[in-house]
Amino acid sequence: MGADRDDAAEAGTVVTPSAEFPPLGDEERAALGRIGERWRGPRRADDLPVDPTLGRHDRHPAPTRFGRLAPIDMFTVAQPDELVATGAADLPGDRAGRTAARVRRALLGPPLSSASVLYERMRKLVALPVLSSDLLSSVAYGPEAMLAVLVLAGSAALGLALPLAAVLVVLMVAVGLSYRQTIPAYPHGAGSYIVAGDNLGRTPGLAAAAGLMLDYVLTVSVSVAAGVHAVTSALPGLSSWAVPLGVLVIAVLLAGNLRGVRTAGNIFVLPTYAFVVVLLAVLAVGYAKAAARGFAPVPPPSVPAAEGLGLLLVLRAFSSGAVSMTGIEAVSNAVPAFRPTEWRNARTTLGWMVAMLVTLFAGLVGLIHLDGLVPRADETLLSQLGRVTFPSGPGYAILQATTALILLLAANTAFNDFPRLLFFMARDGHAPRRFLHMGDRLAFSNGLVALALTAAAVFVAFGGHTERLIPLYAVGVFLAFTLSQTGMVVHWRRHRGPGWRRRLAVNAAGAALSGLVLLTAAVAKFTEGAWVVVLAVPLLVLLFRRIHRHYARLHHALALHPPPSAPPAEGDELPQQVRHLVVVPVARLNRASLRALAYATSLGRPTLAVHLAPEEAEADRFREQWRAWGDHLRLETIVSPYRSVIGPLAHYLEALHAASPDLTLTVIVPEVVLRRRRYRLLHSRAEQRLRVALRALPGVVVTSVPVHVSR
């Protein structure tokens, strides 16, 4: 798991469109050369019946009645053997598809070129609100969650809130310092997953990933539930619409994040900063009023005890208050999203986040104690505090509005980190590879949609009630905290650089405190719903390992280590009488693609290989691999900067056919045939989509060369 990651890290950030196209290892490159030496086809097919670059002859291809083709406008010649697809090549050929594409672009914006990935990163002033919205918004419900447990023992037990808050502040500082050390040690992101996996082993790394994934899903559900509760506290008439409102908010968040990192960041900057400013104003006015009366606490209303005050209740209150720390790991997971120097900007941002969290959390708990407020079912504590602090004027309305906004938008932290975590897991083979793909706006669209659907299902299942979701919240995130910090302890012991003992002590303290909260939350809240997370983590780890095992078997079956005598072709077909061009799309060089090339060459017809790359670097790398194989066939490389494959390939084939209408094109696609149907969801069905795209065009035949994977 670590070797491929190290190779990617040496080249800089690993979050690039080319991650879908991993390079060949040394053994496979050597095997590729040996296979090329035994190749029995023509050295180079330069006698192609059409010009593959579509631009050297005077007679350009013209649109046909079977397609809306304007091929020359869809490709530009970048190099003698390379075309670059324009944005028009991604548009579907049918009217309904074009209409849907225009609607999509109107909602999400035009597609961004792969070269724009560097410009989609965030500066610190934007990254701070984007990545801290979850962390800072938790102060709106974290203190209330802690006091809601203490008040079960009666109003007299509320005095324990101050010492518990002090312990939580120590925990916040310790974990924050620990993650500040993690960022420069692992500057390529993924946080707990990579740290635990590299230092503790694959299973702890997957357990950390499972905990983070559950945390991100619950972050969306809890944040939206708390935000809707804040709205209904101010507008009780909307209470019956809480669940539809929450689902609508999740849909809006999904649409905003599908527009790209930078656009989403600009959307969430103002609400986060406004919330912080308004809360600081509440603290300033509230403590000024408390100073005027000599900081004498207002006696809280008498609340009868429903439970006895014992250690278990105190531990439950402590673990409930610890949800105020969820989101503290967000920066370490999203280091590649920062502008250079990434790790330094990320560490600075994390420092500001922790400082604001400690200030707001401690200030709110102290002010709630001084004002004698207790949790109520019909109104949040922050709403009560706003009414006391701003009894007249617009202050209360502004507080509620900014609180509702930050809570509703706090889920954006999860929308930023969840797809990125899936990207790293998919790169290591522990999640479906479709999560490696960047969408039109350079966002991980598949991961965003997966998060939105899962969070919406959880939100609806729990009826949008925050108090029902909170018990599930702390276990997953503190599992990730504990494993990450324990992994850093092992990291410092292995590397022993300057000051390693001090760094080890900081991470050891963070691991011990996080482990204490994890154990407390798992035990104290087990019957309240934490058992769901305790059960879900090992099940997710098992699922991740099964996915990895499938991909490992698939890689072994397709790797370039052929037996001495090649297996017979599966179904040869040689139409000798037609004027023919065989086109073989090649995504990567493995046994499946080489079998397709061998089959195509054996037909004895002119053969052209086509490779679509998301950016120039991948195109250069593939051409170098092609030369290492022996450059036996003509290769045409198309750079698709908008990362679409089927659209540019279909338009290119249509252009070739239009240049010579009497030509029969046979498109041969390598197809991996899986024995077990349950694994088919882990693979894209490119040959089927290409066949649909070319179905209406005469003179084009799409066929597949199957490679059967028996296991």
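This text goes with the structure placed above it.
Residues numbered from 1 in each chain as written. Predicted model: local features only at pLDDT ≥ 70, side-chain atom pairs only at ≥ 80, totals over all residues. Heavy atoms only, no water.

1. A few points about the overall build of the chain
Part 1 of the argument: From N to C terminus, the chain includes 26 helices and seven strands.
Part 2 of the argument: Residues classed as buried in the chain amount to 56% of the 711 residues present.
Part 3 of the argument: Across the chain, every contact between residues at least 6 apart in sequence was considered, and the portion connecting residues at least 24 apart equals 82%. (Helix = DSSP H or I, 4+ residues; strand = E, 2+ residues; numbered from the N terminus. Buried < 20%, exposed > 50% of the residue type's maximum accessible area, 1.4 Å probe, protein only. Contact = heavy atoms within 4.5 Å.)

2. Some words on the nonpolar core
Part 1 of the argument: Membership of the largest hydrophobic core comes to 151 residues, with the highest contact counts inside it found for Leu150, Val220, Phe415, Met425 and Phe478.
Part 2 of the argument: Counting residues per element, this core draws most heavily on helix α9 (residues 202-234), which supplies 17 residues.
Part 3 of the argument: Other than its neighbours up to four places away in sequence, Val220 contacts Ile250, Ala411, Ala414, Phe415, Leu451 and Ala455.
Part 4 of the argument: In terms of nonpolar packing, the next biggest core, distinct from the first, is built from 25 residues, Leu694, Leu697, Val700 and Val702 among them. (Core = buried A, V, L, I, M, F, W, Y, C linked by side-chain atoms within 4.5 Å.)

3. Structural notes on helix α23 (residues 591-602)
Part 1 of the argument: The end-to-end C-alpha separation of α23 is 16 Å, in line with the 16 Å expected for 12 residues at 1.5 Å each.
Part 2 of the argument: Taking burial as the measure, the 12 residues of α23 include nine buried ones, the bulk of the element.
Part 3 of the argument: Of the positions making up α23, those classed as buried are Ala592, Ser593, Leu594, Arg595, Ala596, Leu597, Tyr599, Ala600 and Thr601.
Part 4 of the argument: Structurally, the start of α23 carries an N-cap: the backbone nitrogen of Ala592 is 3.1 Å from a side-chain oxygen of Asn590.
Part 5 of the argument: Taken from the residues just after α23, Gly604 is the one with a positive phi, measuring 75°. (Expected span 1.5 Å × (residues − 1). Polar contact = N/O pair within 3.5 Å; in protein donor to acceptor, adjacent residues only side chain to side chain.)

4. Observations concerning empty space enclosed by the protein
Part 1 of the argument: Scanning all chains against the criterion turns up two cavities of 30 Å³ or more.
Part 2 of the argument: Surrounding the second largest cavity, Val139, Ala140, Pro143, Glu144, Leu364, Ile368, Leu381, Leu382 and Leu385 form its lining.
Part 3 of the argument: Of all the secondary structure elements, the ones that give two or more residues to the lining of the second largest cavity are α6 (142-150), α14 (342-371) and α15 (381-389).
Part 4 of the argument: When residues of the lining of the second largest cavity are assigned to their parent elements, the largest contribution, three residues, is made by α15. (1 Å grid on protein atoms, 1.4 Å probe; cavity = no way out; pocket = protein on both sides within 12 Å on 5 of 7 lines; lining within 4 Å. Points joined across faces, edges and corners; volume = space filled by probe spheres on them.)

5. Structural notes on a positive patch on the surface
Part 1 of the argument: There is a patch of like positive charges on the surface, built from Arg546, Arg549, Arg675, Arg676 and Arg678.
Part 2 of the argument: Within the fold, Arg675 resides in the loop between β6 (664-674) and α26 (686-693). (Patch = residues over 30% accessible without salt bridge, like charges linked within 9 Å, V, L, I, M, F, W, Y side chains within 5 Å. Areas by Shrake-Rupley, 256 points an atom, 1.4 Å probe, with all protein chains shown as cover. Salt bridge = Lys/Arg side-chain N within 4 Å of Asp/Glu carboxyl O. Lys, Arg positive; Asp, Glu negative; His and termini not counted. Charge placed at Lys NZ, Arg CZ, Asp CG, Glu CD.)

6. Considerations on the packing of aromatic side chains
Two numbers describe a pair of aromatic rings. These are the distance of the centres and the angle of the planes.
Part 1 of the argument: Here the structure, examined in full by the defined rule, presents seven aromatic pairs.
Part 2 of the argument: Aromatic pair Tyr216 and Phe418: ring centres 6.5 Å apart, planes at 85°, arrangement edge-to-face. Taken together, the positions of Tyr216 in helix α9 and Phe418 in helix α17 (residues 411-427) put the pair 202 residues apart, joining distant regions of the chain.
Part 3 of the argument: Taking the centre distance of 5.5 Å and the plane angle of 85° together, the rings of Phe423 and Phe424 count as edge-to-face. For the pair Phe423 and Phe424, one class covers both residues: buried.
Part 4 of the argument: Ring-pair connections join several aromatic residues into one group, and the members of that group are Tyr179, Phe478 and Phe481.
Part 5 of the argument: Directly above the ring of Trp492 sits Arg503, whose terminal nitrogen or CZ lies 5.6 Å from the centroid. (Phe/Tyr/Trp six-rings, centres within 6.5 Å; stacked < 30°, edge-to-face > 60°. Lys NZ or Arg CZ within 6 Å of the ring centre and 35° of its normal.)

7. With respect to the pairing of strand β7 (residues 700-709)
Part 1 of the argument: Here 10 bridges tie β6 to β7, and the two strands are oriented parallel to one another. Residue pairing across strands places Thr666 opposite Val701, the latter belonging to β7.
Part 2 of the argument: Between β6 and its parallel partner β7, the chain crosses via α26, and the hand of that crossover is right-handed. (Pairing = 2+ DSSP bridges. Right-handed = clockwise from strand over helix to strand, strands pointing away.)

8. Section: the pairing of β6
The side chains of a regular strand alternate, residue by residue, between the two faces of the sheet.
Part 1 of the argument: The sheet contact formed by strand β3 (residues 580-585) and β6 spans four bridges and is parallel. Each bridged residue has a counterpart across the sheet, and for His580 the counterpart in β6 is Thr664.

9. Side note on the environment of Trp352
Part 1 of the argument: On the secondary structure map, Trp352 appears in helix α14.
Part 2 of the argument: Under the relative-accessibility criterion, Trp352 is labelled exposed at 56%.
Part 3 of the argument: For the pair formed by Trp352 and Ser132, sequence separation is 220 residues and the distance between their alpha carbons is 9.4 Å.

10. Remarks on the side chain of Glu671
Part 1 of the argument: Tracing the backbone through its elements, the reader meets Glu671 in strand β6.
Part 2 of the argument: You can call Glu671 buried: its relative accessible area is 16%.
Part 3 of the argument: Setting aside its immediate chain neighbours within four residues, Glu671 contacts Arg685, Glu687, Ser704, Val705, Pro706 and Val707.

11. Side note on the environment of Val228
Part 1 of the argument: Here Val228 is to be found in helix α9.
Part 2 of the argument: Spatially, the C-alpha atoms of Val228 and Leu407 are 8.2 Å apart, while their sequence positions differ by 179 residues.
Part 3 of the argument: Those residues in contact with Val228, other than ones at most four positions away along the chain, are Ala242, Leu245, Gly246 and Leu408.

12. Some words on the pattern of salt bridges
Part 1 of the argument: All chains considered together, the criterion is met by nine salt bridges.
Part 2 of the argument: For Asp428, the salt bridge goes to Arg427, with nearest N and O atoms at 3.5 Å.
Part 3 of the argument: With its nearest N and O atoms 3.5 Å apart, the salt bridge here joins Glu636 to Arg634.
Part 4 of the argument: When salt bridges with common partners are traced through the structure, they connect Arg376, Glu379 and Arg387 into a single cluster.

13. A look at a nonpolar patch on the surface
Part 1 of the argument: On the surface, a nonpolar cluster with roughly 530 Å² of combined accessible area is contributed by Phe526, Trp531, Val532, Val534, Leu535 and Leu539.
Part 2 of the argument: In this structure, Leu535 sits in helix α22 (residues 526-558).

14. Considering the packing of α14 against α15
Part 1 of the argument: Across the interface, α14 lies against α15 with an axial gap of 11 Å and an inter-helix angle of 65°. Classified by chirality, the crossing of α15 by α14 is left-handed. Between α14 and α15, the contacting residues are Leu364, Leu367, Ile368 and Asp371 on the first element and Leu381, Leu382, Leu385 and Val388 on the second.
Part 2 of the argument: Its residues assigned to classes, the contact of α14 with α15 shows seven nonpolar, no polar and one charged. (Axes fitted to C-alpha atoms, helices over the stretch in contact; angles between N-to-C directions. Left-handed = near helix turned anticlockwise from the far one by under 90°. Nonpolar A, V, L, I, M, F, W, Y, C, P; charged D, E, K, R; others polar.)

15. So, the packing of α9 against α22
Part 1 of the argument: With their axes 9 Å apart at the nearest point, α9 and α22 run at an angle of 120° to one another. Classified by the angle their axes make, α9 and α22 are oblique. When you trace α9 past α22, the crossing you get is right-handed. Contacts between α9 and α22 involve Arg202, Thr203, Leu206, Ala207, Ala210, Met213 and Leu214 from the former and Val533, Ala536, Val537, Leu540, Val541, Phe544, Arg545 and His548 from the latter.
Part 2 of the argument: Residue composition of the contact of α9 with α22, by class: 11 nonpolar, two polar and two charged. (Parallel < 35°, antiparallel > 145°, perpendicular 65-115°, else oblique.)

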